[in-house]
Amino acid sequence: MGEFNVKSPAQSFDSLFIRRSELYSQYVISNAYGWGINANGQLGLGDTVTRSSPVYIGNNQWKQAAISNTAGIGARILQDGTLWTWGINNFGQLGQGNLTDRSSPVQVGSLTNWKSVAVEWANAIAVKTDGTLWTWGYNADGRLGLGDTAHRSSPVQVGSLTNWKSVSCAGNCNLAVKTDGSLWAWGLNAYGSLGLGDTTARSSPVQVGSKKNWKAAIATGSATFGSAILLNNAGEIWVTGYNAEGELGLGDTSPRSSPIQLGSLSNWVQVSASGHHVLALKNDGTLWAWGWNSSGQLGVGDATDKLSPVQAGALTTWSAVAGGFNHSLAVKTDGTLWAWGNGTVGQSGLGDLVNRSSPVQVGAASTWRLPVAGGESSIVIR
């Protein structure tokens, strides 16, 4: 397999989903670059120096990259199926069997059958090529899905099923889609982020509804306030959970405990969410955003929260998006990279510490492909 060449939003990858912590593993990535805050070594550069411009991370065999929304951990899967992690490790979230921080990538065990991984501030979740599901790290509220609340410093299998397809984790909850299209959730459930119709925490995966038409799901939010942004095979977006910043896009700030459709459109092809703002692409290549906007992270030219989707500019050439905690990244069909929102620790990659409320091009390169935005850090693939 060669480098993934994004040609149009309609030609996106399998799940038609991009998240701050996920690049899907069926594409071999050429080169990774990182920037932003690095206090915990979350850029994997061997130090804790913050960068405000793209820095080459190295290794041209990346299949997938992941970076957390808060605290600072990162992960990658290489073409050979090995899993590597780095960053803070106070709860064993690096899966190394210890609590030692790392500022450079360290391999997790010796297995070569990892398929995809998602990380958050203190826990991680991954799927192997055999369809098994594995978790490790912080486990308050049962967010590891193992039926208890004990922390783990090494990967532990969740159940015995072999039909897991894609995973997502936030600071308090986890979501997963099986190969049959069913949606499953577990962890803290404050404000109904699990979509189960209540606010009761779950320590094991529970199916969300009975529908089996889900492509992928995003768990987003903070350590206590979570939301779920869902995309189905029909191109519809459904939402549930915390909504104080309007991140559900429903025109109000009331939480929901069960999934509700966002509008009536069925032409959404990509969604990214982190913190409390959401970015989405339609199949016509337009970019839309809603939710928290204190630093201009919605890219609509102001710093006012939006309770419903608002188009960012008038261009129809957007092909990939990634939302960080309060900054945003996007790639156009011509391969150029654009950033906006909070830049106070260099997370926009524009060489300064300035906030932007509209997209600004990052450098002059036209070979960017897939962005991943973490809390205040970024990893993008060329």
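Residues numbered from 1 in each chain as written. Predicted model: local features only at pLDDT ≥ 70, side-chain atom pairs only at ≥ 80, totals over all residues. Heavy atoms only, no water.

(A) Representation of the overall build of the protein chain within the structure. Helix and strand content of the protein chain: zero helices and 28 strands. In terms of overall dimensions, the protein chain has a C-alpha envelope of 50 × 45 × 35 Å along the principal axes. Within the protein chain, the proportion of its 382 residues that are buried is 59%. The long-range fraction of contacts in the protein chain, counting pairs at least 24 apart against all pairs at least 6 apart in sequence, stands at 54%. Here the protein chain has roughly 11800 Å² of accessible surface; of this, 51% comes from carbon and sulfur atoms. (Helix = DSSP H or I, 4+ residues; strand = E, 2+ residues; numbered from the N terminus. Buried < 20%, exposed > 50% of the residue type's maximum accessible area, 1.4 Å probe, protein only. Contact = heavy atoms within 4.5 Å. Areas by Shrake-Rupley, 256 points an atom, 1.4 Å probe, with all protein chains shown as cover.)

(B) Spatial organisation of the pattern of salt bridges. For the coordinates displayed, the defined rule picks out eight salt bridges. In this structure, Lys212 engages Asp180 in a salt bridge whose closest nitrogen and oxygen atoms are separated by 3.6 Å. On the criterion of sequence distance, the pair formed by Lys212 in the loop between strand S14 (202–207) and strand S15 (214–221) and Asp180 in the loop between strand S12 (173–178) and strand S13 (183–187) is long-range, its members being 32 residues apart. A salt bridge links Asp302 to Lys306, with the nearest nitrogen and oxygen atoms 2.8 Å apart. Since its relative accessible area comes to 15%, Lys306 is described here as buried. (Salt bridge = Lys/Arg side-chain N within 4 Å of Asp/Glu carboxyl O.)

(C) Representation of the pairing of strand S24 (residues 327–332) within the structure. Within S24, six of the six residues are buried, which leaves the element mostly enclosed by the surrounding structure. Residues His327, Leu329 and Val331 of S24 are buried on one face, and the alternating residues Ser328, Ala330 and Lys332, pointing to the opposite face, are buried as well. Pairing geometry for S24 and strand S25 (residues 337–341), over five bridges, is antiparallel. Bridging across to S25, Leu329 finds its partner in Ala339. (Pairing = 2+ DSSP bridges.)

(D) Spatial organisation of the pairing of strand S5 (residues 83–87). The buried count for S5 comes to four of five residues, which makes it a mostly enclosed element. Here five bridges tie strand S4 (residues 73–78) to S5, and the two strands are oriented antiparallel to one another. Bridge pairing links Gly74 to Trp86 in S5. Where S4 hands over to S5, the hairpin turn is made up of four residues, of which Gly81 adopts a positive phi near 85°. Judged from the three bridges that link them, S5 and strand S6 (residues 102–107) form a sheet pairing that is antiparallel. Bridge pairing in S6 links Trp84 to Gln107.

(E) Expanded view of the environment of Val310. You can see Val310 is positioned in strand S22 (residues 306–311). Val310 sits 79 residues away from Leu231 along the chain, and the two C-alpha atoms are 18 Å apart. If sequence neighbours within four positions are ignored, Val310 has contacts with Leu287, Trp288, Ala289 and Val300.

(F) Focus on the packing of aromatic side chains. With the rule as written, the count across this model stands at 19 aromatic pairs. With centroids separated by 6.4 Å and ring planes inclined at 75°, the aromatic side chains of Trp114 and Trp134 adopt a geometry described as edge-to-face. Of the two residues, Trp114 is situated in strand S7 (residues 114–119) and Trp134 in strand S9 (residues 133–137); the sequence distance between them amounts to 20 residues. Using a relative accessible area of 16% as the deciding quantity, one classes Trp134 as buried. By the ring-pair criterion, three or more aromatic residues cluster together here, those being Tyr33, Trp35, Tyr56 and Trp368. For Lys128, the ring lying beneath its charged end belongs to Trp134, and the centroid distance is 3.7 Å. (Phe/Tyr/Trp six-rings, centres within 6.5 Å; stacked < 30°, edge-to-face > 60°. Lys NZ or Arg CZ within 6 Å of the ring centre and 35° of its normal.)

(G) Structural context of the sheet that holds S24. Sheet architecture is open: four strands sit in the order S23-S24-S25-S26, paired in antiparallel fashion. Strands with a single pairing partner mark the edges of an open sheet, and in this sheet they are strand S23 (318–323) and strand S26 (356–361). Pairs of neighbouring strands in the sheet enclose a mean axial angle of 20°, with direction left out of account. Both S23 and S24 contribute to a ladder of five bridges, which runs antiparallel. Paired with Trp318 across the bridge in S24 is Lys332. (Axes fitted to C-alpha atoms, helices over the stretch in contact; angles between N-to-C directions.)

(H) Geometry of the sheet that holds S13. Strand order in this open sheet of four strands is S11-S12-S13-S14, and the pairing throughout is antiparallel. Edge strands, defined here as strands with exactly one partner in the open sheet, are strand S11 (164–169) and S14. Strand-to-strand twist across the sheet, computed as the mean angle between neighbouring axes with direction ignored, equals 20°. Bridging between S12 and S13 involves five bridges; their strand directions are antiparallel. Within S13, the residue paired with Val177 across the bridge is Leu183.

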